[in-house]
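Next come the chains, spelled out residue by residue.
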Amino acid sequence: MLGYAGKFLEVDLSKSSFKNITLPEEWLKDYMGGRALAAKILSDRLIHKWDNVDPLGPENILLFMPGPFTGYFPGGRTCVTGKSPQSNGMVGSTVGGEFGVELRCAGYDGIIVSGKAEKPVYLFIKDSDVELRDASSIWGKDGKQTDALLNRECRRLLAERYPRVGVWKEPAKLYIGPAGERKVRTSVVVAKWTHAAGYGGYGAVMGSKNLKAVAVKGTGPLPEVADLEKIKQMIDVVCKGSYGNVLWRRWGTGGGGYSFGAETSSEPVRNWQEEWHDQRSYGVDQFENKVWVKPAWSDFGCPTNCLKISCIRAGKYKGAITDNPDYELQAFLGPNLGLFTPEENVYLSSLIEDLGMCGIQGGSVLGFAAELFQRGILTKADLDGLELEWGDVDAFATLAKKIAYREGIGDLLAEGTYRAALKLGKLKGKNLLPYAITSKGISIGAHGIRSGRDFSREIGYACSVQGGDHSSMTDLPIDGWGSEIWQIFDDSAVMCIFTSFSISPNFRYEFYNAVTGQSLSRKGWLNGGGMKTLQIQRALLLLGGPDLKWNPKVDDDNPERFYEPLPSGPCKGQAADKASVKQKVRQYYEQAGWDQNGIPTSETLVKLKLEDVDKILSKLRG
Amino acid sequence: MLVPGAEFPHLCTQCEDYPCVEACPFKALAVNKETSAVIVNVDKCTGCGKCIDACPGKVPHVHPQSKKVLICDLCGGDPKCTKVCQEGGWNCLKAVDREDHEFKLYARAPEETARNLAIKLYGEKAEEFF
């Protein structure tokens, strides 16, 4: 099919074997790539035993999936997915960088990894040459060291094998840090120090498979497309739109750390006890003037360059280096922990990235622990002598390291906020879930719903098939602009939402048609691939297991904190309304074709030709 | 030039909440509906300096001779400073649409901006420059 390389690489780590496979063309037509196609592959292979599949066991499947847009649409992204150790469902997590572009140039539409290697390995792909190499020398290394050592080794290999080529640019890599190696559920798959496929916890999945990294170098052209001239024109439109977005290019999401607190009142402050702050010390100008040493930093093919390089040159945090940090990390490793200076934020972000942890999930679990300390539930003795006061950056740094290395209390907190709340609650004989601001085991992104001024909506997290994922929120009506169906398109195509602000809703379908020669429309996606993916992901989420299962009656809801009134700021007193949420959830069930218990009905699934999913779900319907 | 080697602009950032206009006891400042810029009514201005105190960046300046306050009026909507900066290719000043942005954060006293810049350049507290 046009727009596709034509083959997928299947790697069985247990047997150290590779094979090239092709998927049915109907799958590609229906599910495109990325998140949607991954959902189809996972459901096809694992749904019959889903609730018994341990996400951190060898039977889980890890997928690296670019999509038909990767390499063509400005700003390359790759979807990393599998059964999530956070939600026990499937989370389509995407990561920036040229990995997907290199992979498609190497002739693959994706990598499907199963099994578990005996000892640490990394996968090295140079076009059709694929090998598993010993990773014992990089196992245990932090993010930046891993990146440097892999670069050195891969470039040496390329130079030896292709001596007359000249200087090789480094291959694109996805790797894990120490947290992933220790199967910390808040760990991420990292690219280039600071980019990460965060939601889902796929770093732990890679770690459980003893797969330290995947490095890929592709020298071939991108897959052939239907209408190259049209694509060139459309790329031009996207780029021009991005160039016009002057302040977005200048600040990226770096303005959020102040404005989502001061203006929209939706930023987590001290583990969501508040959502408002007005600290001018946390203004974007402070980041820009104090720590951004490189004001424009683009990923491959990106016209937006919303990344900046931040560096601390001297003093206590000397040597800390990261990107902006972007808004989510600004929030979770800043106000969420009671920190309000760029230096502390850059230091913690740099550390979290080195450890291979998720800024959102990691920041959430740190905030959760600090609130328990504030309330006297966790004591100094519980925390191995740490006094976890709000604003104490060193205490948070120590705890983050303990989590990544699973030392002392860190071993428990490494299970992520939701599971830690359950386990600690059992130990303390208390219900600690009110302090865990999560949805379906996934900590909620830094866009609160109480003020109503942000883009997040009342049922955005409660009904999402990816739980607390702020980049996959949903809303009523299901064919409206806020619906998750369109997020599924973006994650499946796979494209960057930060390069596509200026384009019209139909532009992406035209782009898809120009790449593949199909004739997809917005409606076609709504009634086809988008809806199918939504149903599959919902089914996988409800099947869950083995350690946790979600009950829609309880879990299709916001965390309790969102029903408490905001204590400060311009929206003081505002809160989500339980009755209205309940009613909207019911409406959403209806529109999505789910029964009153939130389970997709037979009728819905059969209409979408998902009979296999229907058969498995019948056991949930009772 | 408070930090050796680096100049930086100290200009009105067009706050959305107009603390200077609110602070004026003589109602000498008004907001132009078309450009949203602050316009000084020189007949009413006494040069008391209350607007300077109110400004988070201490940007307004009382003219030494006329003793009336000077505040950027955006040249009637077509700022000349951005034009010349773009023509010269310095690309430092650029006119952008007035949207929901935290322009106000950039209203800082020159010492503060200079200190931040020194930290970025020298990686020190840079106290020796002040």
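A short tour of the structure in this document, coming up. (Residues numbered from 1 in each chain as written. Chains lettered and ligands numbered in written order. Predicted model: local features only at pLDDT ≥ 70, side-chain atom pairs only at ≥ 80, totals over all residues.)

1. Description of the overall build of chain A
1) Next: Within chain A one finds 24 helices and 17 strands.
2) Next: Relative to a compact globule of 622 residues, whose C-alpha radius of gyration would be 25 Å, chain A shows 23 Å and is just as compact.
3) Next: Principal axes of the C-alpha set define a box for chain A whose edges measure 60 × 60 × 50 Å.
4) Next: In chain A, which comprises 622 residues, the share counted as buried stands at 60%. (Helix = DSSP H or I, 4+ residues; strand = E, 2+ residues; numbered from the N terminus. Rg over C-alpha atoms; globule rule 2.2 N^0.38 Å. Buried ≥ 20, exposed ≤ 12 C-beta atoms within 10 Å, placed from the backbone.)

2. Side note on the overall build of chain B
1) Next: If you tally the helices and strands in chain B, you get four helices and four strands.
2) Next: Secondary structure of chain B in N-to-C order comes out as α-β-β-α-β-β-α-α.
3) Next: Counting only residues that meet the buried cut, chain B has 25% of its 130 residues in that class.
4) Next: Taking contacts inside chain B between residues at least 6 apart in sequence as the whole, the part at least 24 apart equals 55%. (Contact = placed C-beta atoms within 7 Å.)

3. Section: unusual backbone geometry
1) Next: Here Asn324 of chain A and Pro325 of chain A are connected by a cis peptide whose omega angle stands at -15°.
2) Next: Position of Pro325 of chain A among the secondary structure elements: in the loop between β15 (321-322) and α11 (327-332).
3) Next: Here Gly545 of chain A and Pro546 of chain A are connected by a cis peptide whose omega angle stands at -5°.
4) Next: Examined against the element boundaries, Pro546 of chain A turns out to sit in the loop between α20 (529-543) and α21 (552-555).
5) Next: Phi at Ser36 of chain B is positive, roughly 65°, even though this residue is not glycine.

4. With respect to the packing of helix α2 (residues 34-46) of chain A against helix α17 (residues 484-493) of chain A
For any two helices packed against each other, one specifies the crossing angle of their axes together with the interaxial distance.
Residues and elements named next belong to chain A.
1) Next: The interhelical angle for the contact between α2 and α17, taken along N-to-C directions, is 90°, at an axis separation of 4 Å. In terms of orientation, α2 lies roughly perpendicular with respect to α17. Along its contact with α2, which presents Gly34, Arg35, Ala36 and Leu37, the element α17 presents Ile488, Asp491, Ser492 and Ala493.
2) Next: When the residues that make up the contact of α2 with α17 are grouped by side-chain class, the tally is four nonpolar, two polar and two charged. (Axes fitted to C-alpha atoms, helices over the stretch in contact; angles between N-to-C directions. Parallel < 35°, antiparallel > 145°, perpendicular 65-115°, else oblique. Nonpolar A, V, L, I, M, F, W, Y, C, P; charged D, E, K, R; others polar.)

5. What to know about the sheet that holds β15 of chain A
All names here are of chain A.
1) Next: The strand order β13-β14-β15 describes an open sheet built from three strands, whose pairing is antiparallel. The strands lining the two open edges of the sheet, one partner per strand, are β13 (292-297) and β15.
2) Next: Where strand β14 (residues 307-311) and β15 come together, two bridges link them in antiparallel fashion. Note on β15: the bridge partner recorded for Ser310 is Thr322. (Pairing = 2+ DSSP bridges.)

6. Remarks on the interface of chain B and chain A
1) Next: Contacts between the two partners involve 14 residues from chain B, matched on the other side by 16 residues from chain A.
2) Next: For the side of chain B that touches chain A, a count of residues per class yields five nonpolar, four polar and five charged.

7. Structural notes on the pairing of strand β3 (residues 62-65) of chain A
Residue and element names in this part refer to chain A.
1) Next: What you see with β3 is no split at all: Leu62 and Phe64 on one side and Leu63 and Met65 on the other are buried throughout.
2) Next: For β3 and strand β6 (residues 111-114), the ladder comprises three bridges, and the chain directions are antiparallel. Along β6, the bridge assignment pairs Phe64 with Ile111.
3) Next: As judged from the three bridges shared by β3 and strand β4 (residues 77-81), these two strands associate in the antiparallel manner. Looking at β4, one finds that Phe64 is bridged to Val80.

8. A look at the nonpolar core
1) Next: One finds Leu174, Val189, Ala369 and Ala400 of chain A to be the most contacted residues of the largest nonpolar core, which totals 200 residues.
2) Next: Once residues within four sequence positions are removed from consideration, Ala400 of chain A is found in contact with Leu351, Ile352, Leu355, Met357, Gly362 and Leu366 of chain A. (Core = buried A, V, L, I, M, F, W, Y, C linked by C-beta atoms within 7 Å.)

9. Describing the sheet that holds β4 of chain A
All names here are of chain A.
1) Next: Strand order across the open sheet formed by six strands is β2-β1-β6-β3-β4-β5, with mixed pairing between neighbours. Two strands in the sheet have a free side with no partner beyond their single neighbour: β2 (17-21) and β5 (93-96). The mean inter-strand angle of the sheet, taken between neighbouring strand axes irrespective of direction, is 20°.

10. A look at helix α14 (residues 393-404) of chain A
Residue and element names in this part refer to chain A.
1) Next: Its 12 residues give α14 an end-to-end C-alpha distance of 17 Å, which sits within 8% of 16 Å, the value for a rise of 1.5 Å per residue.
2) Next: For α14, the complete set of buried residues consists of Val393, Ala395, Phe396, Leu399, Ala400, Lys402, Ile403 and Ala404.
3) Next: On its buried side, α14 packs onto α5 (178-181), α12 (342-355), α13 (359-374) and α15 (409-413).
4) Next: Following α14 by one or two positions, Arg406 has its phi on the positive side, about 50°. (Expected span 1.5 Å × (residues − 1).)

11. Overview of the environment of Arg182 of chain A
Residues and elements named next belong to chain A.
1) Next: With respect to the helices and strands, the residue Arg182 is situated in the loop between α5 and β10 (189-191).
2) Next: Using a count of 24 C-beta atoms within 10 Å as the deciding quantity, one classes Arg182 as buried.
3) Next: For the pair Arg182 and Tyr31, spaced 151 residues apart in the sequence, the C-alpha separation amounts to 33 Å.
4) Next: Dropping the residues within four chain positions of it, Arg182 is found in contact with Gly207, Ala404, Tyr405 and Arg406.

12. Quick look at the pairing of strand β1 (residues 8-12) of chain A
Residue and element names in this part refer to chain A.
1) Next: Here five bridges tie β1 to β2, and the two strands are oriented antiparallel to one another. Looking at β2, one finds that Glu10 is bridged to Lys19.
2) Next: In textbook terms, the turn of a hairpin is the stretch between consecutive antiparallel strands, and for β1 and β2 this stretch comprises four residues, one of which, Ser16, has a positive phi near 50°.
3) Next: Summarising the sheet, β1 and β6 pair through four bridges and their orientation is parallel. Paired with Val11 across the strands is Val113, a residue of β6.

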